[in-house]
Amino acid sequence: MSRPLKCRRVAFLPSVAYFKPAGIPLRALEEVRLSVEEAEAIRLKDLEGLEQEEGAEKMNISRPTFQRGLASGRQKIADALLNGKAIRIEGGSFEMAFSRFKCLNGHEWEVPFEVMMSTPPQLCPTCNTASIEPLLSAGFGWKGRGRYRGRQRMQQNSNDYMG
Ligand SMILES: [Zn+2]
């Protein structure tokens, strides 16, 4: 817990973290790196159609910061698309707006960030078993494929929770 970094909040992790133009060998490709925060700003603004103010609020950041992330993210995507570069989406400093949990009976549910911080769940809300675990690794499926290199609060939260 050394960096007093203000964390952006994201509600979504892309399931695919790497895009490349067809027909170009990977080693010949240039790559642009899109952060999870930039991807989230673009998702909120361009896919969900939120105003910048709303997007900034959802990400727990100021509007100028949101606008910068949006602009740099769009610029990178345009660069990749028009100049034939690959896009790698990778971690920065963020925390998830939700955590998913699972009980041993297979029920899954989401816990909002605020609740996680104040009262992490102890029981499954469906069957009341105490045998529950966070599904962080599932949410980070692409981490397992070696494409995700964030060292972010998500990890810390997870450890805190387990510990
Ligand atoms: Zn259950």
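Residues numbered from 1 in each chain as written. Predicted model: local features only at pLDDT ≥ 70, side-chain atom pairs only at ≥ 80, totals over all residues. Heavy atoms only, no water.

## A word on the packing of helix α2 (residues 52–59) against helix α3 (residues 63–83)
Packing of α2 against α3 leaves a shortest axis separation of 8 Å and a crossing angle of 100 degrees. In terms of their interaxial angle, α2 and α3 are classed as roughly perpendicular. Residues Q52, E53, G55, A56 and M59 of α2 touch α3, and the partners they reach there are R63, F66, Q67 and L70. Considering only residue class, the contact of α2 with α3 consists of four nonpolar, three polar and two charged. (Axes fitted to C-alpha atoms, helices over the stretch in contact; angles between N-to-C directions. Helix = DSSP H or I, 4+ residues; strand = E, 2+ residues; numbered from the N terminus. Parallel < 35°, antiparallel > 145°, perpendicular 65-115°, else oblique. Contact = heavy atoms within 4.5 Å. Nonpolar A, V, L, I, M, F, W, Y, C, P; charged D, E, K, R; others polar.)

## Some details on the coordination of the zinc ion
Within the first shell, the zinc ion binds the protein through C103 (SG), H107 (ND1), C124 (SG) and C127 (SG), at distances of 2.0 to 2.3 Å. The sequence pattern describing where the donors of the zinc ion fall on their chain is C-x3-H-x16-C-x2-C. Of this pair, C103 sits in strand β6 (residues 98–103) while C127 sits in the loop between α4 (113–118) and β8 (132–134), and the two are 24 residues apart along the sequence. (Donors = N, O, S within 2.8 Å, 3.2 Å for Na, K, Ca; no water.)

## Concerning the sheet that holds β6
Ordered in space as β7-β6-β8, the three strands form an open sheet in which the pairing is antiparallel. Whereas interior strands pair on both sides, the edge strands pair on one side only; in this sheet they are β7 (108–112) and β8. Mean inter-strand twist for the sheet, computed between neighbouring axes without regard to direction, equals 30 degrees. Sheet topology note: the β6/β8 ladder contains three bridges and is antiparallel. Across the sheet, the residue bridging to C103 is I132, located in β8. (Pairing = 2+ DSSP bridges.)

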